[in-house]
Amino acid sequence: MQIREHFAYCPKCGIEVQSSDNHRMFGCEHCGFTVYFNVGASVSGICTRQNGDVLLLKRMHPPRMGSWTLPGGFAEPDESGLEALVREVYEETGLVVTEPVAHSAFPNTYVYKGVTYATFDMVYVCQVEGAPILDGTEVDAHRWFSLTELLDADISFPSLKNAIDLYVSQHDLKKTTG
């Protein structure tokens, strides 16, 4: 269900409103209240170790519970993508991000408690320091995947699968031409 579909009444004046096909905004004709449903910014890290393996985490909760995902999450207000990456990777794994480089970005949808949110998923490639210590609230397992294993992993979201596939193809290209 799109966010707009949850607005049967204006949150400002309380008047009942007509349904709308405009899923990008809500506007009350009675009081003029307007709210836009902008995309949520999220970040993820293709966290690598020196042998080239990539860290994946197993999701504990819906959506896509039990699937593998990259460390990451939603950016907070007034937080840059890089700041969000460093914070999210540390919160989920206890690892410290080093040498982050912006890699790719893809649109996505995220269903939470029956509401579909549009997201914009930014992916960085980075090294990490330390040993993984999982937070136990969002993820319950970790594993380092080789590049060939990554291609067969059950990845949580299409945007992250696209980023991983792009990363693997770039890595393979560098190996054959470099």
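You'll find the structure just up there.
Cut-off values and rules
- Residues numbered from 1 in each chain as written.
- Predicted model: local features only at pLDDT ≥ 70, side-chain atom pairs only at ≥ 80, totals over all residues.
- Heavy atoms only, no water.
- Helix = DSSP H or I, 4+ residues; strand = E, 2+ residues; numbered from the N terminus.
- Buried < 20%, exposed > 50% of the residue type's maximum accessible area, 1.4 Å probe, protein only.
- Contact = heavy atoms within 4.5 Å.
- Areas by Shrake-Rupley, 256 points an atom, 1.4 Å probe, with all protein chains shown as cover.
- Lys, Arg positive; Asp, Glu negative; His and termini not counted.
- Charge placed at Lys NZ, Arg CZ, Asp CG, Glu CD.
- Phe/Tyr/Trp six-rings, centres within 6.5 Å; stacked < 30°, edge-to-face > 60°.
- Pairing = 2+ DSSP bridges.

**Describing the overall build of the protein**
Moving on, step 1. Broken down by element type, the protein carries three helices and nine strands.
Moving on, step 2. Overall, the protein shows an N-to-C arrangement of helices and strands of β-β-β-β-β-β-α-β-β-β-α-α.
Moving on, step 3. Expressed as lengths along the three principal axes of its C-alpha atoms, the size of the protein is roughly 65 × 35 × 30 Å.
Moving on, step 4. Put simply, the protein has 178 residues, and 38% of those count as buried.
Moving on, step 5. Nonlocal contacts in the protein, meaning residues at least 24 apart in sequence, comprise 60% of its contacts between residues at least 6 apart.
Moving on, step 6. For the protein, the computed accessible surface area is about 10,200 Å², with 53% contributed by carbon and sulfur atoms.
Moving on, step 7. Treating the 13 positive side-chain charges of the protein as one cloud and the 23 negative ones as another, the clouds have centres 4 Å apart.

**Here we look at the side chain of Ser-67**
Moving on, step 1. Relative to the elements of secondary structure, Ser-67 occurs in the loop between strand S4 (54-59) and strand S5 (68-69).
Moving on, step 2. Beyond its immediate chain neighbours, meaning those up to four positions away, Ser-67 contacts Leu-57, Lys-58, Arg-59, Asp-154, Ile-155 and Ser-156.

**Quick notes on the packing of aromatic side chains**
Moving on, step 1. A full pass over the atoms with the stated rule returns six aromatic pairs.
Moving on, step 2. With centroids separated by 6.3 Å and ring planes inclined at 55°, the aromatic side chains of Phe-26 and Phe-33 adopt a geometry described as tilted.
Moving on, step 3. Between the aromatic rings of Phe-74 and Tyr-110, the centroid separation amounts to 5.3 Å while the plane-to-plane angle is 90°, which identifies the pairing as edge-to-face. In this pair, Phe-74 is assigned in strand S6 (residues 72-74) and Tyr-110 in strand S7 (residues 96-112), connecting sequence segments 36 residues apart.
Moving on, step 4. Each residue in the set Phe-7, Phe-26, Phe-33 and Phe-37 is aromatic and connected to the rest through ring pairs, giving one cluster.

**Comments concerning the pairing of S7**
Moving on, step 1. When S7 meets strand S8 (residues 115-129), the two strands line up antiparallel, connected through 14 bridges. Residue pairing across strands places Val-97 opposite Val-128, the latter belonging to S8.
Moving on, step 2. Between S7 and S8, which follow one another and run antiparallel, lie two residues, and Lys-113 among them has a positive phi close to 50°.

Keep in mind these values describe shape, not function.
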